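In case you want the letters, here they are:
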Amino acid sequence: MLGQSSGSVVKNLRAATVRSLPLLLPDNREQRRIGASVSALEELAATHDRIRRAGLALRGTLLPLFLRDPVGPDEDGAAEPTL
């Protein structure tokens, strides 16, 4: 394609040159296989996103519980140490 381009600084490619290039496509069977693979990948991405969102929600719920000070005395009546 570079051999067909013109211009000294900015290379240009004419539409007629692009139209004359062969366009190679996989056969229908291969296209269906590719489509099925892409669909499976999209499903995995959606599942990953749901897991990620659930993890973020869980972190938002649990993190404050882990970081707060103990509320009251332990079973012996002694105050629990704070960190």
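First things first, this report covers the structure right here in the doc.

Conventions and cut-offs
- Residues numbered from 1 in each chain as written.
- Predicted model: local features only at pLDDT ≥ 70, side-chain atom pairs only at ≥ 80, totals over all residues.
- Heavy atoms only, no water.
- Helix = DSSP H or I, 4+ residues; strand = E, 2+ residues; numbered from the N terminus.
- Buried < 20%, exposed > 50% of the residue type's maximum accessible area, 1.4 Å probe, protein only.
- Areas by Shrake-Rupley, 256 points an atom, 1.4 Å probe, with all protein chains shown as cover.
- Expected span 1.5 Å × (residues − 1).
- Bend = angle between axes of the 7 residues up to and from the residue.
- Polar contact = N/O pair within 3.5 Å; in protein donor to acceptor, adjacent residues only side chain to side chain.
- Salt bridge = Lys/Arg side-chain N within 4 Å of Asp/Glu carboxyl O.

## Looking at the overall build of the protein chain
Piece 1. For the protein chain, the count of helices and strands is two helices and zero strands.
Piece 2. Burial statistics for the protein chain: of 83 residues in total, 2% are counted as buried.
Piece 3. Total accessible area computed for the protein chain in this model is approximately 7900 Å², and 60% of it derives from carbon and sulfur atoms.

## So, helix α2 (residues 28–67)
Piece 1. Here α2 is 40 residues long and its end C-alpha atoms lie 58 Å apart, about the 58 Å a rise of 1.5 Å per residue gives.
Piece 2. A maximum bend of about 25° is found in α2 at Thr61, where proline Pro64 lies one to four positions downstream.
Piece 3. You can read the cap of α2 off the contacts: a side-chain oxygen lies 3.2 Å from the backbone nitrogen of Arg29, and it is on Asp27.

## Thoughts on the environment of Asp49
Piece 1. Of note, Asp49 is situated in helix α2.
Piece 2. Within the structure, Asp49 has its side chain in polar contact with the side chain of Arg53 (distance 2.9 Å).

## Quick look at the pattern of salt bridges
For side chains bearing opposite charge, pairing can occur when the charged atoms are close.
Piece 1. In total, this model carries three salt bridges according to the counting rule given.
Piece 2. The salt bridge partner of Arg52 is Asp49, with a shortest N-O separation of 2.9 Å. Highlighted residues: Arg52 and Asp49, both in helix α2, separated by three residues, approximately one helical turn.
Piece 3. According to the relative accessible area criterion, Asp49 is partly exposed, its value standing at 26%.
Piece 4. We note a salt bridge from Asp49 to Arg53, for which the minimum N-O separation is 2.9 Å. Highlighted residues: Asp49 and Arg53, both in helix α2, separated by four residues, approximately one helical turn.

By themselves these figures say nothing about function.
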